[in-house]
Amino acid sequence: MRAFGLRTRLVLAFLLVAVVGAGTTAALTYREARTALLKTAQDTAVSSFREQVQLNTFTFPSDVGNLEANLRDIARKGKPRPWIVFAEYGTLRASSGTSPVSGVITPGLRRAALSNPRGAFERVVKDGVPYLTIAMPTVFRAGQHSALPLGLVVYAVMRMSDEQINVDALLTAARDGALPGLAVALLPGLLAARSVLRPVRELHRAARSMGSGKLDTRIEVRGKDELADLAHTFNESAANLEHSVKELRRAEARARRFASDVSHELRTPLAGMLAVTEVLDEDAGHLDSDTARAVRLISAETGKLAVLVEDLIEISRFDARAAELNTDELDAAEAIRKTLVNRHWTDGRIVPELPEGIRVRLDPRRFDVVVANLVGNALRHGAAPVAVRLRSETGSDGTPVLITEVADSGPGIAPDVLPHIFDRFYKADAARTRSAGSGLGLAIAAENVRLHGGRIRAGNRPEGGAVFTVEIPLFTEGATE
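What you see is a predicted model, and the numbers here were worked out from it, not measured in a lab. Residue positions are counted from 1 within each chain, in the order its sequence is given. Restriction of local features to residues with pLDDT of at least 70 applies here, the model being predicted, together with a cutoff of 80 or more for giving and counting side-chain atom pairs; totals for whole chains, interfaces and linings are based on all residues. The side-chain quantities take in all heavy atoms of the structure and omit both hydrogens and water.

(A) A look at the packing of aromatic side chains. Pairs were defined over the aromatic rings of Phe, Tyr and Trp, the Trp ring being its six-membered one, requiring ring centres within 6.5 Å. Orientation was assigned from the angle between planes: stacked under 30 degrees, edge-to-face over 60, tilted for the rest. Going through the model one piece at a time under the given rule, you end up with 2 aromatic pairs. Here the aromatic rings of Phe 49 and Trp 83 are separated by 5.3 Å at their centres, their planes lie at 90°, and the arrangement is edge-to-face. With Phe 49 in helix 1 (residues 6-55) and Trp 83 in the loop between helix 2 (64-76) and strand 1 (84-89), this pair connects stretches of sequence that are 34 residues apart. One exposure class covers both Phe 49 and Trp 83, and it is buried. Aromatic pair Phe 422 and Phe 468: ring centres 6.1 Å apart, planes at 80°, arrangement edge-to-face. One end of the pair, Phe 422, is in the loop between strand 10 (400-407) and helix 9 (441-451); the other, Phe 468, is in strand 12 (residues 466-473), and 46 residues separate them in sequence. Counting from the N terminus, the helices are DSSP H or I runs at least four residues long and the strands are E runs at least two residues long. Burial status follows relative accessibility: with a 1.4 Å probe on protein chains alone, a residue under 20% of its type maximum counts as buried, one over 50% as exposed, and anything between as partly exposed.

(B) Up close: unusual backbone geometry. The step from Lys 79 to Pro 80 runs through a cis peptide bond, and the omega angle for that step is -5°. Cis geometry is adopted by the peptide bond preceding Pro 385, which originates at Ala 384 and carries an omega value of 0°. Checked against the element boundaries, Pro 385 lands in the loop between helix 8 (364-381) and strand 9 (386-394). Positive phi, close to 55°, is recorded for Asp 127, a residue that is not glycine. For Asp 127, the position within the fold is in the loop between strand 3 (120-126) and strand 4 (129-143). Unlike most non-glycine residues, His 344 shows phi in positive territory, near 60°. The exposure class assigned to His 344 is exposed, which follows from its relative accessible area of 65%.

(C) Here's a closer look at helix 9. Counting buried positions along helix 9 gives 8 out of 11 residues, so the element sits mostly inside the fold. Residues of helix 9 that are buried: Gly 441, Leu 442, Ala 443, Ile 444, Ala 445, Ala 446, Asn 448 and Val 449. Note on definitions: a residue-residue contact is assigned when non-hydrogen atoms from the two residues lie within 4.5 Å. Packing partners of the buried residues in helix 9 comprise helix 6 (289-319), helix 8, strand 11 (455-460) and strand 12. Directly beyond the C-terminal end of helix 9, a positive phi value near 80° is found at Gly 453.

(D) Representation of the environment of Trp 83 within the structure. By relative accessible area, Trp 83 is classed as buried at 5%. Through-space distance from the C-alpha of Trp 83 to that of Gly 97 is 9.4 Å; in sequence the pair is 14 residues apart. Discounting chain neighbours no more than four positions away, the residues touching Trp 83 are Ala 45, Ser 48, Phe 49, Gln 52, Ile 74, Ala 75, Lys 77, Gly 78, Ser 96, Ala 156, Val 157 and Met 158. In protein, a polar contact means a hydrogen-donor-capable atom and an acceptor-capable atom, both N or O and within 3.5 Å, with residues adjacent in sequence counting only if both atoms are side-chain atoms; elsewhere, any N or O pair within 3.5 Å suffices. A polar side-chain atom of Trp 83 sits 3.3 Å from the main-chain carbonyl oxygen of Lys 79.

(E) Seen up close, the nonpolar core. Only buried residues count toward a nonpolar core. Its members are Ala, Val, Leu, Ile, Met, Phe, Trp, Tyr and Cys residues joined through side-chain atoms within 4.5 Å. Ile 336, Phe 367, Leu 374, Val 375, Leu 390 and Leu 402 are the most contacted members of the largest nonpolar core, which has 36 residues in total. Mapped onto this core, the elements with two or more residues apiece are helix 7 (332-342), strand 8 (359-362), helix 8, strand 9, strand 10, helix 9 and strand 12. Residue contributions to this core peak at 7 residues, all from helix 8. Ignoring sequence-local partners within four residues, the contact set of Ile 336 consists of Leu 354, Phe 367, Val 371, Val 388, Leu 390 and Thr 404. Among the nonpolar cores identified, the runner-up in size contains 24 residues, and Ala 41, Ala 87, Ile 134 and Leu 152 belong to it.

(F) Expanded view of a negative patch on the surface. For patch building, the residue pool is restricted to those with more than 30% relative accessible area and no salt bridge; the joining distance is 9 Å between like charges and 5 Å between nonpolar side chains (Val, Leu, Ile, Met, Phe, Trp, Tyr). Reported accessibility uses the Shrake-Rupley method at a 1.4 Å probe radius. Residues are deemed covered only where the shown protein chains occlude them. Salt bridges, as used here, are contacts in which a Lys or Arg side-chain nitrogen is within 4 Å of a carboxyl oxygen on Asp or Glu. His is not counted, nor are the chain ends, whereas Lys and Arg count as positive and Asp and Glu as negative. Working definition for charges: the position is that of NZ of Lys, CZ of Arg, CG of Asp or CD of Glu. Together, Glu 278, Asp 281, Glu 282 and Asp 283 line one region of the surface with negative charge. For Glu 282, the position within the fold is in helix 5 (residues 226-283). Residue classification places Glu 282 among the exposed residues on the basis of a relative accessible area of 62%.

(G) View of the environment of Arg 361. As for its placement among the helices and strands, Arg 361 is situated in strand 8. Judged by its relative accessible area of 15%, Arg 361 is buried.

(H) Main features of the pairing of strand 12. For strand 12, a buried count of 8 out of 8 residues is recorded, marking the element as mostly surrounded by other parts of the structure. In strand 12, alternate side chains face the same way, and those of Ala 466, Phe 468, Val 470 and Ile 472 on one face and Val 467, Thr 469, Glu 471 and Pro 473 on the other are all buried. Strand pairing is defined by DSSP finding a minimum of two bridges between the two strands. Sheet analysis places strand 10 next to strand 12, joined by 7 bridges and oriented antiparallel. Residue Thr 404 lies in a different strand from strand 12, and its bridge partner there is Val 470. As paired elements, strand 11 and strand 12 share 6 bridges and run antiparallel to each other. Looking at the pairing, Arg 457 lines up with Thr 469 of strand 12.

(I) Structural context of the side chain of Arg 366. Take Arg 366: it is sitting in helix 8. Given a relative accessible area of 4%, Arg 366 falls into the buried group. A distance of 3.1 Å separates the side chain of Arg 366 from the backbone oxygen of Glu 324, its partner in a polar contact. Once residues lying within four places of it in the same chain are set aside, the contact partners of Arg 366 are Glu 314, Phe 318, Ala 323, Glu 324, Leu 325, Asn 448, Leu 451 and His 452.

Right, dumping it as structure tokens:
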């Protein structure tokens, strides 16, 4: 069980209820039994002592010898335990024992005896020993309802050690009876926790199964309690979610298929349009200015449309999981230089920092697309000079990686734009509905990097300007494709 899991808390709650119930029952039982035990001994002693005092005849003025004889006579008849009897009359003190004065009799008991002709009693503990002390004043009855105190007070002191032993035995029995009861209560507590948590565990497994993509997961509904209602609600929610996801997947598949089909259908007529616009561009110098401007505009827009169609086709391959790597071992610096030369980025706008000798296994065409998109984006939306740096490092997992950085000298990327920089068709400036690119360049670059098993990050340099960092595993010769 988990240290503070639901099962532990349920078992502890069950045991707490059992502890409170058993403790309360044991305490009440102990209190009632103790009261009954002590009250029986106390009532017997008080009744017997009162009777003995009333039956005994005390002579006045009394001498110590006669008084002690009377006290010993009363002590011999003590119930339910032997008594030690004391008497006090003015300054006269006598007892049935060896000492004429008791250290157990309290001043409070003496005052109570003088104010109540029927006597008084109290329980006293001295030196750990319990005693019952009884005070009974002697009276002269002048009539049925009239009694005159004679001034002589007789006291009985009875040890209650046996009663205390019985009380302690009751406490031990209550405690020893409660502890096994708690141990026995643990088993139904575990069973109850198991019965309550079984549907919760099933719900946990079902939720995890749905999280892994098995949307047809359902829970068996048992009974008609709240947990059954929870299982029924989960099944309804799962069914609705499965239906919604199926609809979304169908819609997504239709959208992908539509984009792919349209892109492929546009490819052929666009090829013809590009051929026509090339011819028109060559003859634009022989046309009047308005016609030439229109021809060049058509040529530029046709070129943009061709780029967009190619990018859409490439994106559709990624969506269909049809994109594949055709890797080859090459020099990373040479591959980047070819990319810059093929796009005529050899002027002062580009500052390459490309150390020689870094061999890497990757797809040359896709790596060319990554570098071209990043550099083109830096030139288009940043500012020159654009630095292209290359190096190799050891990744966080201990594997060597190829690091390619493209940093511009522009204003950088706004913080609210950074989380969406690799989204498809995302516009950093909402007012700029048109741009020189297709809006898919960074998304395609990110897909190509992920296809290589790497990652791409965007950020800002402390000194200003945006920086894109590409990390691709550095597979050397002999590594498997």
